[in-house]
Amino acid sequence: MPLVRIDLATGRTPQAVRAIADAIHQAIVDVYAIPVRDRFQVITEHPAQQIIAEDAGLGFERTEGVIVIQVFTQRGRTDEAKTTLYAAIHDALAAIGVASEDVFIGYVENGPQDWSFGFGRAQYVTGELGVPSLA
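Scope of this entry: the structure provided in the associated data block. Predicted, not measured: the structure shown is a model, and the values here were computed from it.

Quick notes on the rules
- Residues numbered from 1 in each chain as written.
- Predicted model: local features only at pLDDT ≥ 70, side-chain atom pairs only at ≥ 80, totals over all residues.
- Heavy atoms only, no water.
- Helix = DSSP H or I, 4+ residues; strand = E, 2+ residues; numbered from the N terminus.
- Buried < 20%, exposed > 50% of the residue type's maximum accessible area, 1.4 Å probe, protein only.
- Contact = heavy atoms within 4.5 Å.
- Pairing = 2+ DSSP bridges.
- Axes fitted to C-alpha atoms, helices over the stretch in contact; angles between N-to-C directions.
- Salt bridge = Lys/Arg side-chain N within 4 Å of Asp/Glu carboxyl O.

### Brief notes about unusual backbone geometry
Okay, step 1: Its identity is not glycine, yet alanine 33 carries a phi of approximately 55°, on the positive side.
Okay, step 2: Of note, alanine 33 is situated in the loop between α1 (14-32) and β2 (40-46).
Okay, step 3: Note on alanine 33: relative accessible area 60%, which makes it exposed.

### Thoughts on the side chain of histidine 25
Okay, step 1: Here histidine 25 lies in helix α1.
Okay, step 2: Ignoring any residue separated from it by four or fewer positions in sequence, one finds histidine 25 in contact with Ile34, Val36, Asp38, Arg39 and Gln41.

### Let's talk about the sheet that holds strand β1 (residues 3-9)
Okay, step 1: Ordered by their spatial adjacency, 4 strands build an open sheet running β2-β1-β3-β4, and the pairing between neighbours is mixed. Across the chains shown, the open sheet's two edge strands, defined by having one partner strand only, are β2 and β4 (103-110). Strand-to-strand, the axes of this sheet are offset by a mean angle of 15°, without reference to chain direction.
Okay, step 2: Summarising the sheet, β1 and strand β3 (residues 67-74) pair through 6 bridges and their orientation is antiparallel. When the sheet's bridge partners are listed, valine 4 is paired in β3 with valine 71.

### Description of the pattern of salt bridges
Okay, step 1: Throughout the structure, instances matching the rule amount to 4 salt bridges.
Okay, step 2: The partner of arginine 39 in a salt bridge is aspartate 22, and the shortest N-O contact between them spans 2.6 Å. With a gap of 17 residues between them, arginine 39 in the loop between α1 and β2 and aspartate 22 in helix α1 connect regions that are remote in the sequence.
Okay, step 3: Given a relative accessible area of 26%, arginine 39 falls into the partly exposed group.
Okay, step 4: For glutamate 128, the salt bridge is made with arginine 121, and the minimal N-O distance between the two is 2.9 Å.
Okay, step 5: Using a relative accessible area of 35% as the deciding quantity, one classes arginine 121 as partly exposed.
Okay, step 6: Several salt bridges share partner residues, and in doing so they unite Arg18, Asp22 and Arg39 into one network.

### Looking at the environment of glutamine 15
Okay, step 1: Secondary-structure assignment places glutamine 15 in helix α1.
Okay, step 2: A relative accessible area of 60% means that glutamine 15 is categorised as exposed.
Okay, step 3: Counting along the chain gives 47 residues from glutamine 15 to arginine 62, while the straight-line C-alpha distance between them is 23 Å.

The following block contains the structure:
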């Protein structure tokens, strides 16, 4: 059950923004084998000057089309699974026209006790929800 934050510059059509969100979600579904309806995304559009994402010394320039993606999920997946996910997200976004240099992903891990899906309860801790498998 990843929670995905997607930050991007204003100027895309609502259909293009939805295509980006759909592409990212489908990559997660494909790589992590989560249910399709296990979808939690927050999309925020910003004026272009409010996203600063330089190259970190890698020698390339990003465009105003940069997309900053934060994946919050339970710890335990292998480095290989994570890098497979990064590549899948990249490929899915490239397929809809997002430039390779404009895909920026941060990955944050936590535990079952770090989630509440409502009613002020930690449903993984109370047993209301089973802790997802990290297959």
